[in-house]
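Summary of the model geometry
Here is what each chain is made of, one letter per residue.
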Amino acid sequence: MSPSTSTSPFCASEKSTYVLMNNDMWFSFLYNINCDEYDMCPLDVECNGAYGFSTKIELKCKSCKQIFNSVFSSPRDDNSKCFEVSKKLVEAFLKIGKGHAALELFSSAIGIHAMNKKTFSKC
Ligand SMILES: [Zn+2]
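Notes on the structure follow. (Residues numbered from 1 in each chain as written. Predicted model: local features only at pLDDT ≥ 70, side-chain atom pairs only at ≥ 80, totals over all residues.)

1. Some thoughts on the nonpolar core
Worth spelling out the cut-off: Joining buried Ala, Val, Leu, Ile, Met, Phe, Trp, Tyr and Cys residues through C-beta atoms within 7 Å gives a set, and that set is a nonpolar core. Burial is judged by counting the other C-beta atoms within 10 Å of a residue's own C-beta: 20 or more makes it buried, 12 or fewer makes it exposed, and any count in between marks it as partly exposed, with every C-beta position built from the backbone. Any two residues are considered in contact once their C-beta atoms, placed from the backbone, lie within 7 Å.
Counting ten residues, the largest nonpolar core is built from Phe53, Cys82, Phe83, Val85, Leu89, Val90, Leu103, Met115, Phe120 and Cys123. The residues contacting Leu103, other than those within four sequence positions of it, are Leu89, Phe93, Met115 and Phe120.

2. Section: the sheet that holds strand β3 (residues 67-72)
Quick note on the threshold: Strands qualify as paired when DSSP identifies two bridges or more between them. Starting at the N terminus, helices and strands are each numbered in turn, a helix being any DSSP run of H or I of at least four residues and a strand any DSSP run of E of at least two. Axes here refer to lines fitted to C-alpha atoms; in helices the fit is confined to the stretch in contact. Angles between the N-to-C directions go from 0 to 180 degrees.
Pairing is antiparallel in the open sheet, where three strands are placed in the order β1-β2-β3. Pairing within the sheet leaves two strands with one partner each, and these edge strands are β1 (43-51) and β3. Mean inter-strand twist for the sheet, computed between neighbouring axes without regard to direction, equals 15°. The pairing of strand β2 (residues 54-61) with β3 spans five bridges and is classified as antiparallel. When the bridges of β3 are listed, Ile57 appears paired with Val71.

Everything listed is a geometric property; what it means functionally is a separate question.
Have a look at this one:
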């Protein structure tokens, strides 16, 4: 089947909603951007805390430790207040007939903190 006749709901030209980012790539991404305080000091990204599949991403200086900005990697669902990404993954795993154990395996394969069973059942 050629891509043009695909029945997939996603089109190659469509913008992805999420990106799967290897944390080692932040260094390359930010290598020529430096902190104002110390001219030569590179910025770094720290991903702190795992809230299901959402992570708090902080842009900070390696030297003076100033935090320039932070954001969660996913918005929250308006109704359940769960992070949208966690909700979508739980829904997908349930749709394919798998539960928390399968999601744990998936998480470990790509090196993401596994969502605990309590969060899984809440999403
Ligand atoms: Zn600095």
